[in-house]
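# A closer look at the structure
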Amino acid sequence: MKRFEYIRVLEPQQAVMFATPEDASFIAGGTNLLDLMKIEIETPQKLVDITRLELQQIETTADGGLRIGTLVTNSDLAAHPTVIANYPVLSRAILAGATGQLRNRATTGGNLLQRTRCYYFYQPDSPCNKRNPGSGCPAIKGENRPLAVLGTSDDCIAQHPSDMAVAMRLLDATIETLQADGTSRQIPIKDFYCLPKDTPNIETVLETGELITHIVLPAPVKGMHTYDKVRDRASYAFALVSCAAVINVNNQGKLETVRLAFGGIGTKPWRNEAVEALLIGTDGNVDIISQAADLLLKDAKGSGQNDFKIPLTRRLLKQVIERALTGKGA
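In this report, we go over the structure that sits alongside the text. (Residues numbered from 1 in each chain as written. Predicted model: local features only at pLDDT ≥ 70, side-chain atom pairs only at ≥ 80, totals over all residues. Heavy atoms only, no water.)

### Things to note about the sheet that holds strand S6 (residues 174–178)
- Ordered in space as S4-S5-S8-S6-S7, the 5 strands form an open sheet in which the pairing is antiparallel. The open sheet has two free edges, formed respectively by strand S4 (58–60) and strand S7 (184–188), since each of these has just one partner strand. Each strand of the sheet is rotated relative to its neighbour by a mean of 25°, with strand direction disregarded.
- Pairing between S6 and S7: 5 bridges, direction antiparallel. Within S7, the residue paired with Thr177 across the bridge is Arg185. (Pairing = 2+ DSSP bridges. Helix = DSSP H or I, 4+ residues; strand = E, 2+ residues; numbered from the N terminus. Axes fitted to C-alpha atoms, helices over the stretch in contact; angles between N-to-C directions.)

### A look at the sheet that holds strand S3 (residues 46–49)
- Here 3 strands make up an open sheet; going across it, the order is S1-S3-S2 and the pairing parallel. Each having just a single partner strand, strand S1 (5–8) and strand S2 (24–27) make up the two edges of the open sheet. Sheet twist, expressed as the mean angle between neighbouring strand axes with direction ignored, is 25°.
- In the sheet, S1 pairs with S3 via 4 bridges, with the strands oriented parallel. Counterpart to Arg8 in the pairing with S3 is Asp49.

### A look at the packing of helix H10 (residues 286–296) against helix H11 (residues 309–326)
- Direction vectors running N to C along H10 and H11 enclose 135°, while the axes themselves pass 10 Å from each other. Compared by their axis directions, H10 and H11 come out oblique. Considering the relative orientation of H10 and H11, their crossing is right-handed. Counting all contacts with H10, which are made through Ile289, Ser290, Ala292, Ala293, Asp294 and Leu296, the residues of H11 involved are Thr313, Arg314, Leu317, Lys318, Ile321 and Glu322.
- Split into classes, the residues belonging to the contact of H10 with H11 amount to 6 nonpolar, 2 polar and 4 charged. (Parallel < 35°, antiparallel > 145°, perpendicular 65-115°, else oblique. Left-handed = near helix turned anticlockwise from the far one by under 90°. Contact = heavy atoms within 4.5 Å. Nonpolar A, V, L, I, M, F, W, Y, C, P; charged D, E, K, R; others polar.)

### Quick word on the state of the cysteines
- Taken as a whole, this structure holds 0 disulfides when the rule is applied.
- Of all cysteine sulfurs in the structure, the one in Cys156 sits closest to Cys137, which takes part in no disulfide; the separation is 5.5 Å.
- A relative accessible area of 21% places Cys137 in the partly exposed class.
- In this structure Cys194 is not part of a disulfide, and its nearest cysteine sulfur, from Cys156, lies 12 Å away.
- On the basis of relative accessibility, which here comes to 23%, the residue Cys194 falls in the partly exposed class. (Disulfide = S-S within 2.5 Å. Buried < 20%, exposed > 50% of the residue type's maximum accessible area, 1.4 Å probe, protein only.)

See below:
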């Protein structure tokens, strides 16, 4: 690990002031950052420790939503009574990720910013456009089984790794930030992540020195909340395909509310509102589910080893809808 300067701050404004140079990084839980520093993929010359900031609270908003401090740990967020009662899909998504030890350390803001687990990104002697722009993407013709099939480009097919971010996208979270000049921003999560295109090294719309301070959830959505995660083993594995869903069926057996967000298949947490609109008001029959899957996967592109993700996603979508219609979900 390369040498770095370590600074501990007590106020958010101090944090963004010290982090303004491009060679600085914030550190809280550090569950992903420290691993990357050890193999010199991340090489900040300055680490700004934000763990003493007063950003560890979960508060109810005036409209019945939640305002979550960026330093709330994944364990505390998943176990919060209001989250369990009103946003169970979020709790389940968090508990589906990592291990208890990592969830005890990982923070809400840090989870949103974790980096891909593409093999080539983690191999410092390998080309990787995300790590070294312009060097190439060997994953496209190489070991790509866990990688993305939606939102990809000729420069990158790396998948987004977070389970929590998929649920946050489903719930229409807003990300509050503090910028170096002291101004704040409210960024809808749908606008937060960038598609790789020809700049896969740019993953979010955050500017240099900008600090996530809170994540705000709107009032809860009525319906069955589920998080399904298909993976290679039962624990401590990233999603091959996952689906966060909130679905409500009315007394006539019609789909009244449908929200669907997917992980493992996209270069960012993937949601297609047109798919949801197609399903709403229907009885979820086989034909309409097939049409919804066609629309969801219209632009999907496998790269060989990950081709299986396309039919697997179709089956998972069908399973989630049928479970809601039969009332067998939670």
